[in-house]
Structures are given as C-alpha cells and as structure tokens.
Amino acid sequence: MKAAQTLSASATSLTRRWPFTAGQTDWLVTLLFTAFWLWFAWQHGFDNSPDSWYRGLLANSIIEGHSYLINLRQGWLYEHPVWHPDAAHPPFLPAIYALYFYFFGPQISIANVVVSLSAGLLVLPLMRLSRLLTGGAIAGLLVYLAVAFNDKADFIFEVFSGLSIPVALALLAAAAYFMLQLAITGAFRHLLGGVLALVGFYYVRPGEQVIFAWLMLWALILGHRLLPRQRWVSQMQMWGMGSLLALPWAVRNFVLLGSPFFTHTTPALWADRG
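Quantities reported herein were computed from a predicted structural model and do not represent experimental measurements.

Thoughts on the overall build of the protein chain
Tallying secondary structure elements over the protein chain gives twelve helices and two strands in all. By the burial criterion, 41% of the 274 residues in the protein chain qualify as buried. In the protein chain, of all internal contacts separated by at least 6 residues, the share reaching a separation of at least 24 is 70%. A total of about 14900 Å² of accessible surface is found on the protein chain, and carbon and sulfur atoms cover 69% of it.

What follows is the structure in structure tokens.
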C-alpha cells in the first residue's frame with residue numbers, strides 16, 4: 001500500500017514538473033513518431049509496391065491533362081483504347097501526388113513521404129480520443145503500438161512500400177475523434193473536421209467506400225437512440241455533407257461499373273508484372 005502511494009506521489013510530482021499541456025504533449029509525441037517513421041522508411045530505402053507506382057501513373061496522367069484515365073495496356077486490357085478510365089483507385093492519393101508532381105516533377109518517393117507522415121499523424125487522433133474517453137493518453141498509445149507493430153496488420157510493410165492503409169487509418173481515427181467531439185460540443189469546427197476526415201477516408205481506397213456507408217448507417221441509427229436531438233441533427237449534417245461530397249464518385253462508379261461500390265483491384269496491376 002505504501003509502495004503504491006509512493007508511486008502515485010512520484011507520478012503526480014512528475015506531472016507537475018512537466019512543462020507542456022496535454023495538447024502540446026500530444027503534438028510533441030506526434031512530431032516524434034512522424035520523424036521516426038520518416039527516418040525509418042528512408043533507412044529502409046523508400047521501396048514502392050505496384051499499387052504505389054499505379055497511383056503515380058494516375059497522378060502523372062492528371063498532370064498531362066488526361067483527366068482520370070490510365071494508359072496501361074497489359075493482359076486483357078489490350079481491347080481497350082490507349083487511354084481508358086481507371087476502375088479501382090479513388091483519387092485522393094493520386095491528386096496529392098499530382099500536386100507534388102506539378103511543382104517538383106514526377107518523383108514516386110512522394111508516396112513514401114505521404115504514408116510515413118500518415119503513420120506518424122495517426123497517433124494524434126488516437127491520443128485525443130483516449131483523453132476524451134479515459135482521461136489520459138495511455139490507451140491511445142497502446143492501440144497505436146498494437147496496430148503499428150503487429151506483423152499481421154502489415155502496417156510496417158505499407159509504410160515501406162508507399163501504400164495507403166496508414167493514410168486511411170489516420171483519416172478514420174480523425175473522423176472518430178471529430179464525431180465524438182461533435183456529439184459532445186456540437187461545434188461547427190468539429191462538424192467541418194468530421195466532414196473533411198470522412199470524405200478523405202472515402203476517397204483513399206475502394207474498400208473504404210463500403211465502410212463509409214456502414215459507418216453512416218450505424219452512426220445515424222445509434223445517434224438517434226443515444227444522443228440528444230440537437231446533437232443527432234449535427235451528426236446528420238456531418239454525414240449529409242460528407243455524402244454530398246462522396247456522391248460524384250459513387251455516380252461515376254455506377255455509370256462505369258454498374259455499382260456505386262467497386263472493391264476489386266484493377267487486373268492490370270497484377271497482370272504481366274515483368
């Protein structure tokens with residue numbers, strides 16, 4: 001008992017001497033994690049997978065004025081015109097790469113930089129969520145470490161290969177944080193943050209579009225049952241604005257593919273890989 005009291009007193013004393021607020025601490029930890037991932041991936045050599053190169057080709061297509069078309073003519077795609085619509089990849093990452101290509105030229109290393117930054121930034125919304133739910137940041141840090149350093153999650157592989165899962169996770173965690181804050185405060189800044197995070201999440205990967213739809217369904221059902229009316233209306237506004245911004249891609253998929261959801265990888269990505 002005395003040992004526990006001593007440990008508690010030591011922790012309290014350390015907290016009092018810590019010169020940063022909770023918010024500043026979260027940003028400092030995020031900065032350290034982000035610097036670590038950038039260094040770690042650079043040490044590994046900034047490798048890139050076929051998905052990464054494919055998004056780079058789409059980005060270059062945008063810069064060259066081909067809209068959202070692709071000119072890969074592998075395997076069964078020989079029957080298509082030289083330039084044909086891409087089927088699988090939403091435009092969030094290609095648009096970011098295209099912006100970089102426009103100013104600095106086509107360098108696929110931007111994919112590695114973006115995913116390394118996302119891997120570091122993921123810790124911030126997790127820590128903020130943890131503080132809201134538990135009063136401290138430890139739970140969020142434990143979740144982060146469990147995801148980032150679990151071999152079966154392929155998180156490290158994604159960072160090394162310039163891929164997209166860390167980007168999607170960072171946006172999803174941010175959306176969860178803003179949704180919870182919106183339920184508590186109803187503030188417009190949290191509504192706007194939720195909209196931007198959800199729309200970014202929707203446009204990162206094909207599978208995330210299905211997740212977006214299921215999240216919206218259950219968030220509105222549970223919100224109606226559990227939240228005060230005004231807070232539920234705020235949640236409806238957030239999802240309504242997010243859906244409106246997601247609608248063009250859903251319509252585009254329906255016109256091209258006959259379905260608003262398309263979760264299959266473009267066959268050209270894996271055919272004739274040599």
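More follows now that the structure is in view.
Here's the deal with the pattern of salt bridges
For the structure on display, the rule yields three salt bridges. As a salt-bridge pair, Arg-128 and Asp-26 come within 2.5 Å of each other at their nearest N and O atoms. Highlighted residues: Arg-128 in helix H6 (residues 123-134) and Asp-26 in helix H2 (residues 22-44), separated in sequence by 102 residues. Asp-26 gets classed as buried once you look at its relative accessible area, which sits at 0%. Here Asp-26 ties to Arg-131 by a salt bridge, and the two come within 2.8 Å at their closest N and O atoms. Within this pair, whereas Asp-26 is found in helix H2, its partner Arg-131 is found in helix H6, the two being separated by 105 residues in sequence.

Some remarks on the environment of Ala-187
Secondary-structure assignment places Ala-187 in the loop between helix H9 (165-185) and helix H10 (188-202). With a relative accessible area of 17%, Ala-187 lands in the buried category. Remark: the alpha-carbon pair of Ala-187 and Ser-234, spanning 47 residues in sequence, is separated by 8.7 Å.

Considerations on a nonpolar patch on the surface
Residues Trp-214, Leu-217, Trp-218, Ile-221, Leu-222 and Leu-226 make up a contiguous nonpolar surface patch of about 640 Å² in total accessible area. Assignment of secondary structure puts Ile-221 in helix H11 (residues 206-226). According to the relative accessible area criterion, Ile-221 is partly exposed, its value standing at 34%.

Let's talk about the packing of aromatic side chains
With the rule as written, the count across this model stands at 18 aromatic pairs. With a centroid separation of 6.4 Å and 40 degrees between ring planes, the pair formed by Phe-36 and Trp-39 is classed as tilted. Taken together, the positions of Phe-36 and Trp-39, both in helix H2 and three residues apart, correspond to about one turn of that helix. Residue classification places Trp-39 among the partly exposed residues on the basis of a relative accessible area of 48%. On the basis of an interplanar angle of 40 degrees and a centroid distance of 4.9 Å, the ring pair of Tyr-100 and Phe-104 is categorised as tilted. With Tyr-100 and Phe-104 both in helix H4 (residues 92-104) and four residues apart, this pair spans about one turn of that helix. With relative accessibility at 54%, the residue Phe-104 sits in the exposed group. Grouped by ring-pair contacts, the aromatic residues Phe-36, Trp-37, Trp-39, Phe-40, Phe-149, Phe-155 and Phe-160 constitute a single cluster.

Here we look at the nonpolar core
Ranked by internal contacts, the top residues of the largest apolar core, which has 21 residues, are Met-179, Leu-198, Tyr-202, Met-238 and Trp-239. Listing elements by their share of this core, those giving two or more residues are helix H3 (50-63), H9, H10 and helix H12 (229-257). Counting residues per element, this core draws most heavily on H10, which supplies six residues. Counting 16 residues, the second largest nonpolar core, distinct from the first, contains Phe-33, Ala-119, Leu-122 and Ala-137.

Observations regarding the environment of Phe-92
Turning to its location among the elements, Phe-92 is positioned in helix H4. Judged by its relative accessible area of 26%, Phe-92 falls in the partly exposed class. Taking C-alpha positions, Phe-92 is 8.4 Å from Arg-205, a pair spaced 113 residues apart along the chain. Dropping the residues within four chain positions of it, Phe-92 is found in contact with Val-167, Leu-171, Gly-200, Tyr-203 and Val-204.

Quick word on helix H5 (residues 109-121)
Between the first and last C-alpha of H5 there are 18 Å, a value that for 13 residues agrees with the 18 Å anticipated at 1.5 Å per step. For H5, the full list of buried residues reads Ile-110, Ala-111, Asn-112, Val-114, Val-115, Ser-116, Ser-118, Ala-119 and Gly-120.

Some details on the side chain of Thr-34
Structurally, Thr-34 is set in helix H2. Excluding anything up to four places from it in sequence, Thr-34 contacts Leu-117, Gly-120 and Leu-121.

Cut-offs applied
Position numbers for residues count from 1 along each chain, tracking the sequence in the order it is written. Only residues with pLDDT of 70 or above have their local features reported here, since the model is predicted, and side-chain atom pairs are shown and tallied only from 80 upward, although totals for entire chains, interfaces and linings are computed over all residues. Water and hydrogen atoms were dropped before computing side-chain values, which therefore reflect all heavy atoms in the structure. To qualify as a helix, a DSSP run of H or I must reach at least 4 residues; to qualify as a strand, a run of E must reach at least 2; elements of each kind are numbered from the N terminus. Three labels apply to residues, based on accessible area from a 1.4 Å probe with only protein chains included: buried if under 20% of the type maximum, exposed if over 50%, partly exposed otherwise in between. Contacts were defined at the residue level, with two residues in contact if any of their heavy atoms lie within 4.5 Å. Accessible surface is estimated by sampling points in the Shrake-Rupley manner with a 1.4 Å probe; for residues, cover comes only from the protein chains shown. One speaks of a salt bridge when a side-chain nitrogen belonging to Lys or Arg is within 4 Å of a carboxyl oxygen belonging to Asp or Glu. To count toward a patch, a residue needs a relative accessible area above 30% and no salt bridge. Like charges then connect within 9 Å, nonpolar side chains (Val, Leu, Ile, Met, Phe, Trp, Tyr) within 5 Å. Aromatic pairing here means that ring centres of Phe, Tyr or Trp (its six-membered ring) are within 6.5 Å. Orientation follows from the plane angle: under 30 degrees is stacked, over 60 is edge-to-face, and everything else is tilted. Residue types Ala, Val, Leu, Ile, Met, Phe, Trp, Tyr and Cys, when buried and joined through side-chain atoms within 4.5 Å, form a set referred to as a nonpolar core. Helix span, expected: 1.5 Å multiplied by one less than the number of residues in the helix.

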